[in-house]
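# Breakdown of the fold
Here is what each chain is made of, one letter per residue.
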Amino acid sequence: MGFRGEGALLTDGAPVDVPRDAAREAAHEELRKAAYHQNDPGPVERLLDWIRDEFSKTVDGVASPLGGGGNAALVVLLVLLLVLGVVLWRRYGAPGRAARAADGLFTGAQGPRSAAQHRADAAAHAARGEWEDAVREQMRALVRGLEERTVLSPRPGRTADEAAAEAGRALPDQARELASAARLFDDIAFGEHPADERSYQLLADLDRTLGRTRPTPVTAGGGTA
């Protein structure tokens, strides 16, 4: 008795009908055999292929309005990322710098010390070529000197940036130099930038310049008296 379906041949050449659904299932079962999948990509390869495809779609989407194909778009993206990295580095310095720069300027100092003592320590470090310590002590001397002259009101935990901003309001002619000194201090003390004799000398020269000024005192609230 015959069945309706796809035509097939017996070994003797006689035709026989096979049901359509049964033929399809037999074909699926045959294709599931491992011999047909020896060269198929593994899960990791399929994931990488998917990532590459998605990245290509993104690049092509950028390239369409620009022209020049995927290579041109990739170059544009790389340039933009490079520019963004430079801007962030110049604005915030090394990663984590902003958080560390919030530390008080006198953190770790052995009790209250006068500006003269900080200057002496800075000079001693400079004589030994210990430029990072010289810069730290010279910045402390600069700020302590402003406090002693009542340009700044003494305030525990004040940062170099805060001191520069407050002193700049009382010393507008030196506001830019004070801000630069604070950035220099942060770069060296927290940003892992190397210190040298020039860095120390810049702070020492500014300290002497500030000592010759006649500013308007700053109150505890940061305003001028």
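Please read these numbers as outputs of a predicted model, since none were measured by experiment.

Definitions and cut-offs
- Residues numbered from 1 in each chain as written.
- Predicted model: local features only at pLDDT ≥ 70, side-chain atom pairs only at ≥ 80, totals over all residues.
- Heavy atoms only, no water.
- Helix = DSSP H or I, 4+ residues; strand = E, 2+ residues; numbered from the N terminus.
- Buried < 20%, exposed > 50% of the residue type's maximum accessible area, 1.4 Å probe, protein only.
- Contact = heavy atoms within 4.5 Å.
- Areas by Shrake-Rupley, 256 points an atom, 1.4 Å probe, with all protein chains shown as cover.
- Phe/Tyr/Trp six-rings, centres within 6.5 Å; stacked < 30°, edge-to-face > 60°.
- Polar contact = N/O pair within 3.5 Å; in protein donor to acceptor, adjacent residues only side chain to side chain.
- Core = buried A, V, L, I, M, F, W, Y, C linked by side-chain atoms within 4.5 Å.

## Section: the overall build of the chain
Assigned secondary structure in the chain consists of nine helices and two strands. Taking all 225 residues of the chain together, 28% fall into the buried category. Across the chain, every contact between residues at least 6 apart in sequence was considered, and the portion connecting residues at least 24 apart equals 52%. Of the roughly 14800 Å² that the chain leaves accessible, carbon and sulfur atoms contribute 57%.

## Quick word on the packing of aromatic side chains
All told, the structure shown has two aromatic pairs when counted by the stated rule. Summarising the aromatic geometry, the rings of Trp-131 and Tyr-200 are spaced 6.1 Å apart at their centres and angled 40° between planes, so their arrangement reads as tilted. One end of the pair, Trp-131, is in helix α6 (residues 131–148); the other, Tyr-200, is in helix α9 (residues 197–211), with 69 residues separating them in the sequence. Judged by relative accessible area, which is 21%, Trp-131 ranks as partly exposed.

## So, the side chain of Glu-147
Its place among the elements puts Glu-147 in helix α6. Residue classification places Glu-147 among the buried positions, given a relative accessible area of 7%. At 2.9 Å, the side chain of Glu-147 forms a polar contact with the side chain of Arg-158. Residues in contact with Glu-147, not counting those within four places in the same chain, are Phe-106, Leu-152, Ser-153, Pro-154, Arg-155 and Arg-158.

## Side note on the nonpolar core
Residues Met-139, Val-143, Leu-146, Leu-178 and Phe-185 are the most contacted members of the largest nonpolar core, which totals 31 residues. Looking at this core, the elements that each hand over two or more residues are α5 (115–127), α6, α7 (160–170), α8 (175–189) and α9. No other element matches α8, which puts seven residues into this core. What Val-143 contacts, discounting residues up to four positions off in sequence, is Leu-105, Phe-106, Leu-152 and Ala-163.

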